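Here is how the chains run, residue by residue.
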Amino acid sequence: MLPRIPRQSAVDHGPDHVEIEGRLTDELASVVAGARRRALRDGDRQIDTAHLLHTLVESDPEVRALFDGPQVARLLGYLVQRSIGYGLRWRIGVEDVGVVPGVPGTPGWSPVAARAMTQAYDRAVRRGERSAHGVDLLAVLVTVAGSRAVEVLGKVGVDAGAMALRIAAAGGGLAEGYGAGGDGSSWGAPA
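Note that the structure is predicted; figures quoted are calculated from it, not measured.

Caption draft 1: Looking closely at the overall build of the chain. Assigned secondary structure in the chain consists of 9 helices and 0 strands. Reading the secondary structure of the chain in the N-to-C direction produces α-α-α-α-α-α-α-α-α. The buried share among the 191 residues of the chain stands at 46%. Carbon and sulfur atoms make up 56% of the accessible area of the chain, which totals about 8,800 Å².

In structure tokens:
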């Protein structure tokens, strides 16, 4: 039997600590629950950015609308392949690109996925919202160069930089840390 992936808090455990799921719309909370189920079903130890991307594209029509029609089919097809075996190589490691060593992580979440959830919420707050939406999460996911989500997008021919610009053009604004070069390499740095 696989261990349960717990609902846990974001990386910040200080006085302003807020549960990851407590900062989401009902729709995005459903995406997180789906990603948790997918990670368990796949035998992964943690929810990673590819789990989030998979469930987000499956369940959020606003997110799907940002992709070209054929891109959605290719993306979902690739992600299904990952869930039935392709992801075996990912099970042996932790998605930790761009994470500062020694910073405590969030149990049940890859460090990158937990940070992306926090930044999706921060992005919504800057817009005056009280909860993060699916597009907020997608805007952050496409900026994390080297993450599993960006790797998957690249494998199916979706340019992450072009997607970030498409989100901005649709009124979503660029995600925090989106580099001026358009590659997301400065993820996490103030924009």
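The rest of the description comes next.
Caption draft 2: Quick peek at the pattern of salt bridges. The tally for this structure, following the rule as stated, stands at 5 salt bridges. Ionic pairing is found between R38 and E58, a salt bridge with its closest N-O pair at 3.1 Å. One end of the pair, R38, is in helix α1 (residues 26-42); the other, E58, is in helix α2 (residues 49-59), and 20 residues separate them in sequence. A relative accessible area of 40% places E58 in the partly exposed class. Of the charged contacts in the structure, one is a salt bridge between R166 and D68, with a shortest N-O distance of 3.8 Å.

Caption draft 3: Main features of the nonpolar core. Core analysis: the largest hydrophobic core is formed by 44 residues, its most contacted members being L52, L53, F67, L75, L137 and L138. The set of elements that each furnish at least two residues to this core consists of α1, α2, α4 (69-86), α6 (111-126), α7 (134-141), α8 (148-155) and α9 (160-172). In this structure L137 touches L28, L52, L56, A116, M117 and A120, once residues within four positions along its chain are discounted.

Caption draft 4: Broad picture of α2. Of all 11 residues making up α2, 9 are buried, and the element is well covered by its neighbours. Listing the buried residues of α2 in full gives T49, A50, H51, L52, L53, H54, T55, L56 and V57. The residue sitting at the N-terminus of α2 and contributing the capping side-chain oxygen is D48; that oxygen lies 2.9 Å from the backbone nitrogen of A50.

Caption draft 5: Representation of the packing of α2 against α7 within the structure. Between α2 and α7, the shortest axis-to-axis distance is 11 Å and the interhelical angle comes to 140°. It follows that α2 is oblique to α7 by the angle criterion. In this structure, the crossing between α2 and α7 has a hand that is left-handed. Along the contact surface, α2 presents T49, L52, L53 and L56, while α7 presents G134, L137, L138 and L141.

Caption draft 6: Molecular detail of the confidence of the model for the chain. The predicted model of the chain has a mean per-residue pLDDT of 77, with 67% of residues at 70 or higher. The least confident element of the chain, judged by mean pLDDT, is helix α5 (residues 88-91) at 53; the most confident is α7 at 96. Note on residues 1-18: pLDDT is under 50 here. Beyond four places in sequence and across chains, it has 40 contacts. Throughout residues 178-191 the model reports pLDDT below 50, and contacts reaching past four residues in sequence, or to other chains, amount to 35 contacts.

Caption draft 7: Just α7, in detail. Within α7, 8 of the 8 residues are buried, leaving the element largely enclosed by the surrounding structure. Residues G134, V135, D136, L137, L138, A139, V140 and L141 constitute the buried set of α7.

Caption draft 8: Layout of the environment of L76. Along the chain, the position of L76 falls in helix α4. Along the sequence, L76 and T55 sit 21 residues apart, while their C-alpha atoms lie 9.4 Å from each other.

Caption draft 9: Structural context of the side chain of R38. You can call R38 buried: its relative accessible area is 7%. Reaching out from R38, the side chain makes a polar contact with the side chain of H54 at a distance of 3.1 Å. Residues in contact with R38, not counting those within four places in the same chain, are H51, H54, T55 and E58.

Caption draft 10: A look at the packing of α2 against α8. Where α2 meets α8, the closest approach of the two axes is 7 Å, and the angle between their N-to-C directions is 55°. Considering the angle they form, α2 stands oblique to α8. In this structure, α2 uses T49, A50 and L53 to contact α8, whose residues at the interface are R148, A149, V152 and L153. Its residues assigned to classes, the contact of α2 with α8 comprises 5 nonpolar, 1 polar and 1 charged.

Conventions adopted
- Residues numbered from 1 in each chain as written.
- Predicted model: local features only at pLDDT ≥ 70, side-chain atom pairs only at ≥ 80, totals over all residues.
- Heavy atoms only, no water.
- Helix = DSSP H or I, 4+ residues; strand = E, 2+ residues; numbered from the N terminus.
- Buried < 20%, exposed > 50% of the residue type's maximum accessible area, 1.4 Å probe, protein only.
- Areas by Shrake-Rupley, 256 points an atom, 1.4 Å probe, with all protein chains shown as cover.
- Salt bridge = Lys/Arg side-chain N within 4 Å of Asp/Glu carboxyl O.
- Core = buried A, V, L, I, M, F, W, Y, C linked by side-chain atoms within 4.5 Å.
- Contact = heavy atoms within 4.5 Å.
- Polar contact = N/O pair within 3.5 Å; in protein donor to acceptor, adjacent residues only side chain to side chain.
- Axes fitted to C-alpha atoms, helices over the stretch in contact; angles between N-to-C directions.
- Parallel < 35°, antiparallel > 145°, perpendicular 65-115°, else oblique.
- Left-handed = near helix turned anticlockwise from the far one by under 90°.
- pLDDT = per-residue confidence, 0-100.
- Nonpolar A, V, L, I, M, F, W, Y, C, P; charged D, E, K, R; others polar.

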